[in-house]
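As a plain string of letters, each chain reads:
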Amino acid sequence: MDHEETEMISRCQQGDQEALKEIFDKYHKKVYRIAYGVVRQREGALDIVQEVFIKLFHTIKNFKGRSRFYTYLYRMTMNTAIDHARKTGKQSVSSLDAEGSFEPSDSVEKGPERILLQKELEERVKRAMDKLPAEQRAALIFRDVEGLSYQEMAEAMGSSIGTVMSRLHYGRKRLQALLKDYVGLHGQGRDSSDPKKQNLPGSKKE
Amino acid sequence: MKDSCSSISKLLERYFDQEVTDKERVLVEGHLHGCPACRDALKSLEELSTFIKVPVEEAIQKEDFPWVWQKIEREIRLQKKLTWWQSLRSWIDISPLFRRKVWIPAVATVVVLLFITAQIIFKKTPSYADASVVEYVESETDNVMVYQLEKQKVTVIWVFDEPAKDQTTS
């Protein structure tokens, strides 16, 4: 944690709202990404962002600096998002026309069929994610949405690296089973025989 | 190949997450070049990641956040605002006059004083303010004064036996 951030946190702990604004400016997008990753809905995600920063203002005194600040914030965000999803999960009725569902930015170029397919896919992904246990969902979001390393995930989730890997593995396995109609569709028709033509994911990026 | 697939599959997710050592990376990439099944498994992981990640990235690009901060600010301000009762309570809490060590004995003292005063005030005592002298008789042996208390309709006969000694009968 750099000196500037330490100073900012210290001021916020003393009730300085300006310091909270600085923290908000630095982290609000990351918090929104995690929130949206969980609830997959704009209004819900924005409510979570609001709730997280208000909660942070009141509880930041409890942050002792034993872990990195962003892992502390991410954990708070994930817990808030999961609670929010739990509360609203039974109330919300997912539909293709639900407010907050994915809306392509360029609907003129994409045909209506493509938009419908994308909406359907987004809805299916949301439902599939909702079926995952909270810890597996959190692991997938921290890894695929936020790009945290295993070490950072372990810190954010308060568990070991082994547990993180296990949650990722079983989460992905379950999600693949739930989305089996969609996973592998993009692979059809591609030339898989010539490995040199493949840009393999996971390979070292230069 | 199957044995190799079995051992490589354990590394595949870590390879996808870029959490492998250089040695492990070489091993996996060497295997992938000759194994379409493992390549497909890797592509599936990528697709899954895309499903999770892309909608989030697109949503965040469209979002306007400044008004979110205004809502947060307002909410914190509202939570800080105290009701009149809370304001009074906080004043009581900090005022030295209302510290428990001070006000309990003070209240107890006032109550006791009030009790004693009430006893004194409301105790029935003869009032001689309403007395009116009816007659005063001087004699050789005794001087007698007769007076009446109007309210209680009592006649008091005061017999003066000696100048230093008084007797009263009613």
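Our structure's up above, just so we're on the same page.
Nothing here was measured: the structure is a model prediction, and the numbers come from that model. (Residues numbered from 1 in each chain as written. Chains lettered and ligands numbered in written order. Predicted model: local features only at pLDDT ≥ 70, side-chain atom pairs only at ≥ 80, totals over all residues. Heavy atoms only, no water.)

(A) Layout of the overall build of chain A. What chain A contains, in helices and strands, is eight helices and zero strands. Moving toward the C terminus, one meets the helices and strands of chain A in the order α-α-α-α-α-α-α-α. Per-residue burial for chain A yields a buried fraction of 46% across its 206 residues. Approximately 11100 Å² of chain A is accessible, and the part contributed by carbon and sulfur atoms is 48%. (Helix = DSSP H or I, 4+ residues; strand = E, 2+ residues; numbered from the N terminus. Buried < 20%, exposed > 50% of the residue type's maximum accessible area, 1.4 Å probe, protein only. Areas by Shrake-Rupley, 256 points an atom, 1.4 Å probe, with all protein chains shown as cover.)

(B) Focus on the packing of helix α6 (residues 134-145) of chain A against helix α3 (residues 36-61) of chain B. Two elements in contact, α6 of chain A and α3 of chain B, have axes whose closest approach is 9 Å; the angle formed by their N-to-C orientations is 70 degrees. Between α6 of chain A and α3 of chain B, the angle is such that the two are roughly perpendicular. Seen from above, α6 of chain A lies across α3 of chain B with right-handed handedness. Within the contact between the two elements, α6 of chain A uses L140, D144 and V145 of chain A and α3 of chain B uses S49, I52, K53, V56 and E57 of chain B. Here the residues of the contact of α6 of chain A with α3 of chain B are counted per class, giving four nonpolar, one polar and three charged. (Axes fitted to C-alpha atoms, helices over the stretch in contact; angles between N-to-C directions. Parallel < 35°, antiparallel > 145°, perpendicular 65-115°, else oblique. Left-handed = near helix turned anticlockwise from the far one by under 90°. Contact = heavy atoms within 4.5 Å. Nonpolar A, V, L, I, M, F, W, Y, C, P; charged D, E, K, R; others polar.)

(C) Layout of a nonpolar patch on the surface. A cluster of nonpolar residues, W103, I104, V107 and V111 of chain B, forms a patch on the protein surface that exposes about 350 Å² of accessible area. Locating V107 of chain B in the fold gives a position in helix α6 (residues 100-122). (Patch = residues over 30% accessible without salt bridge, like charges linked within 9 Å, V, L, I, M, F, W, Y side chains within 5 Å. Salt bridge = Lys/Arg side-chain N within 4 Å of Asp/Glu carboxyl O.)

(D) Inspection of helix α1 (residues 3-13) of chain A at higher detail. Residue and element names in this part refer to chain A. Residues of α1 that are buried include every one of E5, M8, I9 and C12, and no others. End-on view of α1: buried residues confined to an arc of 95 degrees, all on one side of the axis. Count one or two residues on from α1 and you reach G15, which has phi positive near 95 degrees. (Arc of directions from axis to C-beta.)

(E) Structural detail: the packing of helix α2 (residues 17-39) of chain A against α3 of chain B. Where α2 of chain A meets α3 of chain B, the closest approach of the two axes is 9 Å, and the angle between their N-to-C directions is 135 degrees. When the interaxial angle is binned, α2 of chain A and α3 of chain B end up oblique. In the crossing of α2 of chain A with α3 of chain B, the sense of the turn from one axis to the other is right-handed. Of α3 of chain B, the residues touching α2 of chain A (which contributes K29, Y32, R33, Y36 and G37 of chain A) are P55, V56, E57, A59 and I60 of chain B. Across the contact of α2 of chain A with α3 of chain B, the residue classes break down as six nonpolar, one polar and three charged.

(F) Representation of the packing of aromatic side chains. Residue and element names in this part refer to chain A. Counted according to the given criterion, the structure contains nine aromatic pairs over all chains. Between the aromatic rings of F63 and F69, the centroid separation amounts to 5.5 Å while the plane-to-plane angle is 80 degrees, which identifies the pairing as edge-to-face. An aromatic cluster is defined as three or more aromatic residues linked by ring pairs; in this entry it consists of Y27, F63, F69 and Y72. (Phe/Tyr/Trp six-rings, centres within 6.5 Å; stacked < 30°, edge-to-face > 60°.)

(G) How the structure looks around the interface of chain A and chain B. Tallying the contact residues gives 56 residues for chain A and 44 residues for chain B. Buried surface at the junction of chain A and chain B, both sides included, amounts to about 4800 Å², of which 63% is carbon and sulfur. Seen at the junction of chain A and chain B, the total is four salt bridges. Where D17 of chain B meets R143 of chain A, a salt bridge forms, and the shortest distance between an N and an O atom there is 3.1 Å. Along the contact surface separating chain A from chain B lie 11 residue pairs in polar contact (both at pLDDT 80 or more). Secondary-structure elements contributing two or more residues to the side of chain A that touches chain B are α2, α3 (42-59), α5 (112-131), α6 and α8 (161-178) of chain A. (Buried area = accessible area lost by both parts, 1.4 Å probe. Polar contact = N/O pair within 3.5 Å; in protein donor to acceptor, adjacent residues only side chain to side chain.)

(H) Summary view of unusual backbone geometry. Look at R40 of chain A: it is not a glycine, yet its phi comes out positive at around 55 degrees. Relative to the helices and strands, R40 of chain A is located in the loop between α2 and α3. In the Ramachandran plot, Q18 of chain B falls in the positive-phi region, its phi being about 60 degrees despite a non-glycine side chain. Secondary-structure assignment places Q18 of chain B in the loop between α1 (2-16) and α2 (22-32).

(I) Highlighting the pattern of salt bridges. Tallying each qualifying case throughout the model produces 22 salt bridges over all chains. The partner of E120 of chain A in a salt bridge is R124 of chain A, with the nearest N and O atoms 3.8 Å apart. A residue pair is termed a helical-turn pair when its members lie 3 or 4 positions apart in one helix, as E120 of chain A and R124 of chain A do in helix α5 at four residues. For R124 of chain A, a relative accessible area of 35% puts it in the partly exposed group. Taken together, the salt bridges that share partners define one network made up of R143, D144 and R172 of chain A together with E13 and D17 of chain B.

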